[in-house]
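Spelled out from the first residue to the last, the chains are:
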Amino acid sequence: MSNLVNRQWTLANRPAAMVSTDDFKLAEAPVPDPADGQILVKITYVAFEPAMRGWMADNPGYMAAIPIGGVMRSMAAGEVVVSRHPDFKPGDKVSGMFGWQEYAVVDAKGALLPVQKLAPGVTEEMALSVLGITGLTAYFGMLDVGKPQPGDTVAVSGAAGATGSIAGQIAKIKGCRVIGIAGGADKCRWLTETAGFDAAIDYKSENVRKRLRELAPDGINVFYDNVGGEILEAALDNLAIGARITLCGAISGYNTGSVPQPPKNYMALILKSSSMAGFLLGQYAKRFGEASADLGAWVRDGKLKFAVDVQDGFENVPSTFLRLFHGQNLGKQLNRIG
Ligand code: NAP
């Protein structure tokens, strides 16, 4: 069909510990014709999630490993160029699992997730952040797993990231007092001055266990954990009776090259009659509409702020991904390639 050449970032190696730009290779391939039911999308934004580090490993997980030489799998947004599906037409803005490439030919129903048409007024940045995977994760992880009640004290780790920043604000909307834990003074200032958190702890310069005790003398009712490791242990030592811990992620263990260790002080769950539960966003697929409606309304009403960290240039896609693991992003990490 077209003479279009697709630049693609493929997986070159399975990293043993910290992922690096050497683990990816730039490749070129012709853009195929879409078949019946498919669309051709010109990608304008690529989105990054820490889970992609897991998809690079050859471990059995909730999603198949990306094969060596395969295009890196990711959420992205773009514009339909050619459509062979009745629900899409050229010019439609869409989001989906398009990967690290300039063009994607995909089934509109989606092999993993259906392609979504962006509603009027929804930008690519919104569709990939507060209204995308991380916003939905924060919604279900906080509300369904954490079950915050008005007056509760809620603490969130990874609080200035895409998921944590939304999770904490949802708890505020539900009438809770919210403490964010994040790396660095700038992120902590953003949490209290822009995102409306009641307090923030800089885990890089403060003793988290001690600060939680000072800020929540009666204990934490909900702990939303994106980090695991020592921060989870600090929270376990500061639970209120009947607390709920939401295990959303454990990013402190993603690049260590060893299996994350369970918390040494898990006995706190017994002593405080508390519970700790993990979840995967995919479980909630049937309720995405309900969550999107709430998230969209909160954004429109100015109750929910979202930050995006947008890097530029297709050549910078791998280095943009690495920003997640060096704490360089505030809010959702994106790369604009259009
Ligand atoms: P994000 O929070 O926007 O970005 C990652 C942040 O993690 C970094 O900015 C950094 O913030 C922190 N971080 C990185 N390495 C760390 C380390 N070694 N120790 C402590 N903190 C570290 O990413 P996100 O997409 O919103 O994901 C957040 C978490 O949610 C991840 O654990 C992810 O796997 C999980 N998640 C789970 C689901 C699910 O279905 N359960 C779905 C989506 C995401 P600081 O500067 O504050 O360190």
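Since we're looking at a predicted model, the values are computed, not measured. (Residues numbered from 1 in each chain as written. Predicted model: local features only at pLDDT ≥ 70, side-chain atom pairs only at ≥ 80, totals over all residues. Heavy atoms only, no water.)

Trainee: How should the domain arrangement of the protein chain be read in this particular structure?
Mentor: Buried accessible area, meaning the area lost when the parts come together, often serves as the stated size of an interface. For the protein chain, the domain assignment lists domain 1 (5-129 + 306-336) and domain 2 (133-282). A straight line from the C-alpha centre of domain 1 to that of domain 2 covers 28 Å. Taken together, the contact between domain 1 and domain 2 spans 21 residues of the former and 15 residues of the latter. The contact between domain 1 and domain 2 buries some 1,400 Å² in all, and 63% of this surface belongs to carbon and sulfur atoms. At the junction of domain 1 with domain 2, the criterion picks out 0 salt bridges. (Domains from an automatic or database assignment. Contact = heavy atoms within 4.5 Å. Buried area = accessible area lost by both parts, 1.4 Å probe. Salt bridge = Lys/Arg side-chain N within 4 Å of Asp/Glu carboxyl O.)

Trainee: I tried to follow the side chain of His-85 on my own but got confused; where do I start?
Mentor: Within the element layout of this structure, His-85 appears in the loop between strand 4 (76-83) and strand 5 (93-96). On the basis of relative accessible area, His-85 is assigned to the buried category, the value being 17%. Here His-85 is in contact with Gly-37, Gln-38, Ile-39 and Ala-108, once residues within four sequence places are set aside. (Helix = DSSP H or I, 4+ residues; strand = E, 2+ residues; numbered from the N terminus. Buried < 20%, exposed > 50% of the residue type's maximum accessible area, 1.4 Å probe, protein only.)

Trainee: So what exactly am I meant to see when it comes to helix 3 (residues 133-146) here?
Mentor: The α-helix advances 3.6 residues per turn, and as a result positions three or four apart in sequence lie on the same side. With 14 residues, helix 3 extends 18 Å from end C-alpha to end C-alpha; this agrees with the ideal 20 Å at 1.5 Å per step. Counting buried residues in helix 3 gives 12 out of 14 residues, a clear majority hidden from the surface. All of the buried residues in helix 3 are Thr-134, Gly-135, Leu-136, Thr-137, Ala-138, Tyr-139, Phe-140, Gly-141, Met-142, Leu-143, Val-145 and Gly-146. Directly beyond the C-terminal end of helix 3, a positive phi value near 45 degrees is found at Lys-147. (Expected span 1.5 Å × (residues − 1).)

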